[in-house]
Amino acid sequence: MISVKRIQAVVMKDYRDLLKNAYMLSTAVVPLFFAFILRSQGEEVETGAVFMPITLTMVIVGAFIQAAVIAEEKEKNTLRGLLLSPLNTAEIFIGKSVLSAVASIIMIVAVILIGNITMPDQMLLTAAVMLISLTIFISIGTILGLVSRTVMETSVIGIPVLFIFGMGDIFQTIIDSEWLLNVMGYLPDQQFGQLLLQLKNGEAVGDHFLVLSIWAAASVLVTIYIFKKRRFD
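Rules and cut-offs
- Residues numbered from 1 in each chain as written.
- Predicted model: local features only at pLDDT ≥ 70, side-chain atom pairs only at ≥ 80, totals over all residues.
- Heavy atoms only, no water.
- Helix = DSSP H or I, 4+ residues; strand = E, 2+ residues; numbered from the N terminus.
- Expected span 1.5 Å × (residues − 1).
- Buried < 20%, exposed > 50% of the residue type's maximum accessible area, 1.4 Å probe, protein only.
- 1 Å grid on protein atoms, 1.4 Å probe; cavity = no way out; pocket = protein on both sides within 12 Å on 5 of 7 lines; lining within 4 Å.
- Points joined across faces, edges and corners; volume = space filled by probe spheres on them.
- Nonpolar A, V, L, I, M, F, W, Y, C, P; charged D, E, K, R; others polar.
- Patch = residues over 30% accessible without salt bridge, like charges linked within 9 Å, V, L, I, M, F, W, Y side chains within 5 Å.
- Areas by Shrake-Rupley, 256 points an atom, 1.4 Å probe, with all protein chains shown as cover.
- Salt bridge = Lys/Arg side-chain N within 4 Å of Asp/Glu carboxyl O.
- Axes fitted to C-alpha atoms, helices over the stretch in contact; angles between N-to-C directions.
- Parallel < 35°, antiparallel > 145°, perpendicular 65-115°, else oblique.
- Left-handed = near helix turned anticlockwise from the far one by under 90°.
- Contact = heavy atoms within 4.5 Å.

1. Topic: helix α11 (residues 188–200)
For α11, built from 13 residues, the straight-helix expectation of 18 Å at 1.5 Å per residue is met to within 8% by its first-to-last C-alpha distance of 18 Å. In terms of burial, α11 is a largely internal element, 11 of the 13 residues being buried. Immediately downstream of α11, the backbone of Gly202 shows phi near 75°, a positive value.

2. Examining unusual backbone geometry
The phi torsion of most residues other than glycine is negative, and most of the peptide bonds are trans. Residue Asn116 is not a glycine yet carries a positive backbone phi of 55°. Here Asn116 lies in the loop between α6 (89–114) and α7 (123–147).

3. Details of empty space enclosed by the protein
In this structure the tally under the stated criterion is one cavity of 30 Å³ or more. Lining the largest cavity we find Lys13, Asp14, Asp17, Val69, Glu72, Glu73, Lys76 and Thr78. Those elements giving two or more residues to the lining of the largest cavity turn out to be α1 (4–19) and α4 (52–75). Taken together, the residues of the lining of the largest cavity break down into one nonpolar, one polar and six charged.

4. Focus on a nonpolar patch on the surface
The grouping of Met12, Tyr15 and Leu19 at the surface amounts to a nonpolar patch, some 280 Å² of accessible area in total. Looking at the element boundaries, Tyr15 is found in helix α1. For Tyr15, a relative accessible area of 39% corresponds to the partly exposed category.

5. As for the packing of α4 against helix α8 (residues 151–166)
Packing of α4 against α8 leaves a shortest axis separation of 10 Å and a crossing angle of 155°. Looking at the two axes, α4 sits roughly antiparallel to α8. Between α4 and α8 lies a crossing of right-handed hand. Where α4 approaches α8, its residues Met52, Thr55, Leu56, Val59, Ile60, Phe64, Ala67, Ala68, Ala71, Glu72 and Glu75 are matched on the opposing element by Val151, Thr154, Gly158, Ile159, Val161, Leu162, Phe165 and Gly166. Of the residues assigned to the contact of α4 with α8, the class counts are 13 nonpolar, four polar and two charged.

6. What to know about the packing of α1 against α6
A packed helix pair is summarised by two numbers, namely the angle formed by the two axes and the spacing between the axes. For the pair α1 and α6, interaxial distance at closest approach is 8 Å and the crossing angle is 35°. The handedness of the crossing between α1 and α6 is right-handed. Residues Arg6, Ile7, Val10, Val11, Asp14, Tyr15 and Leu18 of α1 form the contact with α6, whose own contacting residues are Glu91, Ile94, Gly95, Lys96, Val98 and Leu99. Across the contact of α1 with α6, the residue classes break down as eight nonpolar, one polar and four charged.

7. Re the side chain of Thr55
The residue Thr55 is located in helix α4 in this model. The exposure class of Thr55 is buried, given its relative accessible area of 2%. If we skip the residues at most four places from it in the chain, Thr55 touches Phe137, Phe165, Gly166, Asp189 and Phe192.

Written as structure tokens, this is what we have:
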């Protein structure tokens, strides 16, 4: 049974640690610069790329901060104690993810406002897409944190993640291989952008929802597997 008090204790510990960590705080505001760049373009881009600042926010704030939080626990040699504590896997995962999720949501709202990004009118569906995508990137961040030995190592390992999952729209403009473009089309950032664009245009989005849901389920399962492996290593 999940205990709210135990989850709250984990969240408060991470919150206090975050306030002392200048690296993570400075990383969290990076998406704002992308929002300013988007706004300076003037005219709205009628492709999924218009939502790229939101995706970058989930990658930089959701994945990177999550990875840094987990890696910092490892640096301080407190992660093993956490994994061996009475907290179950769900409590650990939820507790370690709440702060990254809240920070991501705050920054996503800021990016939307600063970048003047027009969102679909279907707010409930849009919120569901955001939640599913955020689950994917926070799970990826947790995995990065678990496989990294230090906070700085998460930055090195996380750079490919930023390029692959956050800047797919940029790479698509310079890639000629059709099969590679088709493969990239199934990445979370591409599915996210296309889903919001089609939702905004009143088109069907069922396929994109399915692909994102599969990504979310797979990333959570891999995260749980690594959590359990670390518990017994």
